[in-house]
Amino acid sequence: MSQHADVFAVLTSASYQGEQGRDSDLEHVLERAKDAGVRHIVSWCEDMHHALHALKLSRVAEGVHCAISLDPGVFSRRGMRAPYLKAVRRYAIRYRSEVLGVTSSGLKSYSSATQVRRLQRALGVAADQQLPVFVEWNKKIMPKFMPIFEDLVKMLPATVFHSFQGSEVEARTLLDKGFYLGISCRSVLVQQTLEGLAKLPLNQVLVHSGTPESNYLNDHPLVTTKFPAAPPTDWRPGLMLQGRGEPACVALSSLVVAYVYVSRPSDPAVR
């Protein structure tokens with residue numbers, strides 16, 4: 001069986017914890033991922049509360065790790081930023097094998113020069129602890145923040161632009177600067193992204209599930225192996241919830257990426 005790693009999941013999502021009358025099925029979600037060959041899952045944690053939840057989960061679920069958020073919302077209260085960053089550093093040191101990165105998905109919230117400087121200082125924690133940074137790709141605001149990440153890329157083990165849905169040209173620009181592309185299950189539903197992947201080297205391409213609300217892949221036209229699923233009205237534990245993505249879908253998106261890659265015309269530009 002092929003082995004996979006989901007480099008950006010959201011295991012703390014309410015969808016996995018039980019909602020709309022459903023019981024929590026996180027245990028089944030993790031089991032389904034394991035059966036699909038997903039051996040490691042890095043879960044985005046939007047605050048320290050979720051980070052602690054993920055750390056507790058990692059003790060009972062092998063292969064679960066976390067990436068702690070450095071988004072503006074966690075610094076919203078006066079005097080909160082320094083203690084929060086201190087806590088991130090402390091957890092990164094204490095739980096080295098569980099804390100595998102930090103995230104910054106709310107770049108559009110950094111509207112002033114002061115906020116941008118705060119982001120730079122916050123990302124200094126990642127450089128200090130040698131943690132990868134997972135950044136949400138956003139075409140409109142990338143030019144504003146690219147200089148920050150170009151400086152950091154030399155000091156970090158990896159900078160991953162997750163949920164990438166751009167063109168081949170945009171992808172090559174990031175790869176040439178030393179960044180990694182995070183291809184979500186939703187990414188492979190975007191035609192220009194899928195076509196671009198067929199022409200790119202894959203040594204800097206990572207696959208992930210992302211938010212469960214938008215990364216369902218059972219119905220992708222290139223997917224031949226499907227997970228048993230049911231709509232919310234007929235759902236029961238053990239079935240994938242129809243329309244909800246989860247880490248097991250990484251196995252499907254990896255097959256889609258592999259298919260378009262091996263099916264591409266011969267191109268000497270692909271290394």
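Residues numbered from 1 in each chain as written. Predicted model: local features only at pLDDT ≥ 70, side-chain atom pairs only at ≥ 80, totals over all residues. Heavy atoms only, no water.

## Focus on the nonpolar core
Applicable threshold: Among buried residues, the Ala, Val, Leu, Ile, Met, Phe, Trp, Tyr and Cys ones that are joined through side-chain atoms within 4.5 Å form a nonpolar core. For every residue, the accessible area (1.4 Å probe, protein chains only) is compared with the maximum for its type, and the residue is labelled buried under 20%, exposed over 50%, or partly exposed between those bounds. By the criteria applied, helices consist of DSSP H or I runs no shorter than four residues and strands consist of E runs no shorter than two, each listed in order from the N terminus. Contact between two residues is taken to exist if any of their heavy atoms lie within 4.5 Å; hydrogens are not considered.
Formed by 66 residues in total, the largest nonpolar core has its most connected members in Val99 and Phe161. Top element by residues in this core is helix 5 (residues 113–129). It accounts for seven residues. The contacts of Phe161, once residues within four sequence positions are left out, are Val135, Trp137, Met142, Met146, Phe149, Leu174, Phe179, Tyr180, Leu181 and Gly182. Judged by nonpolar contacts, the second largest core, of 14 residues, contains Ala9, Leu11, Val29 and Leu57.

## What about the packing of helix 3 (residues 48–60) against helix 4 (residues 81–94)?
In a packed pair of helices, the relevant descriptors are the angle between the two axes and the axis-to-axis distance. Selection criterion: Between the N-to-C directions of two axes lies an angle of 0 to 180 degrees, each axis being a line fitted to C-alpha atoms and, for a helix, fitted only over the stretch in contact. Here the angle decides the label: under 35 degrees means roughly parallel, over 145 means roughly antiparallel, 65 to 115 means roughly perpendicular, and every other value means oblique. By definition, turning the near helix anticlockwise from the far helix through less than a right angle yields a left-handed crossing, and turning it clockwise yields a right-handed one.
As a packed pair, helix 3 and helix 4 sit with axes 12 Å apart at the nearest point and diverge in direction by 15°. The orientation of helix 3 with respect to helix 4, classified from their angle, is roughly parallel. Crossing angle aside, the handedness with which helix 3 passes helix 4 is left-handed. Along its contact with helix 3, which presents Met48, Leu52 and Leu55, the element helix 4 presents Tyr84, Ala87, Val88 and Tyr91.

## Focus on the side chain of Gln204
Relative to the assigned elements, Gln204 resides in the loop between helix 8 (191–197) and strand 8 (205–208). With a relative accessible area of 14%, Gln204 lands in the buried category. Those residues in contact with Gln204, other than ones at most four positions away along the chain, are Leu175, Gly178, Phe179, Tyr180 and Leu181.

## Comments concerning the packing of aromatic side chains
Inclusion rule: Any pair of Phe, Tyr and Trp rings, taking the six-membered ring for Trp, is counted once the centres come within 6.5 Å. Such a pair is stacked with planes under 30 degrees apart, edge-to-face with planes over 60 apart, and tilted for the rest.
Counted by the stated rule, this structure contains five aromatic pairs. Look at Phe8 and Phe134: their rings are 6.2 Å apart centre to centre, the planes differ by 40°, and that puts the pair in the tilted class. Of this pair, Phe8 sits in strand 1 (residues 4–9) while Phe134 is found in strand 5 (residues 133–136), placing the two residues 126 residues apart along the sequence. Phe8 sits in the buried class, given a relative accessible area of 5%. Judged by its relative accessible area of 6%, Phe134 is buried. Considering the side-chain rings of Trp137 and Phe164, the 4.9 Å spacing of their centres and the 65° angle between planes classify their relative orientation as edge-to-face.

## Remarks on helix 3
Turn by turn, an α-helix covers 3.6 residues, leaving residues three or four places apart pointing in a common direction. The criterion, for reference: Helix span is expected to be 1.5 Å times the residue number reduced by one.
Taking 1.5 Å of rise per residue, 13 residues should cover 18 Å, and helix 3 covers 19 Å from first to last C-alpha, within 8% of that figure. Taken together, the buried positions of helix 3 are Met48, His50, Ala51, Ala54, Leu55, Leu57 and Ser58. Among the structural elements, helix 2 (26–35), strand 2 (38–45), strand 3 (64–69), helix 4 and strand 4 (99–104) are those in contact with the buried residues of helix 3.

## With respect to the environment of Gly63
Along the polypeptide, Gly63 turns up in the loop between helix 3 and strand 3. Apart from residues no more than four positions distant in its own chain, Gly63 is found in contact with Arg39, His40 and Ile41.

In short, shape yes, function no, at least from these values alone.
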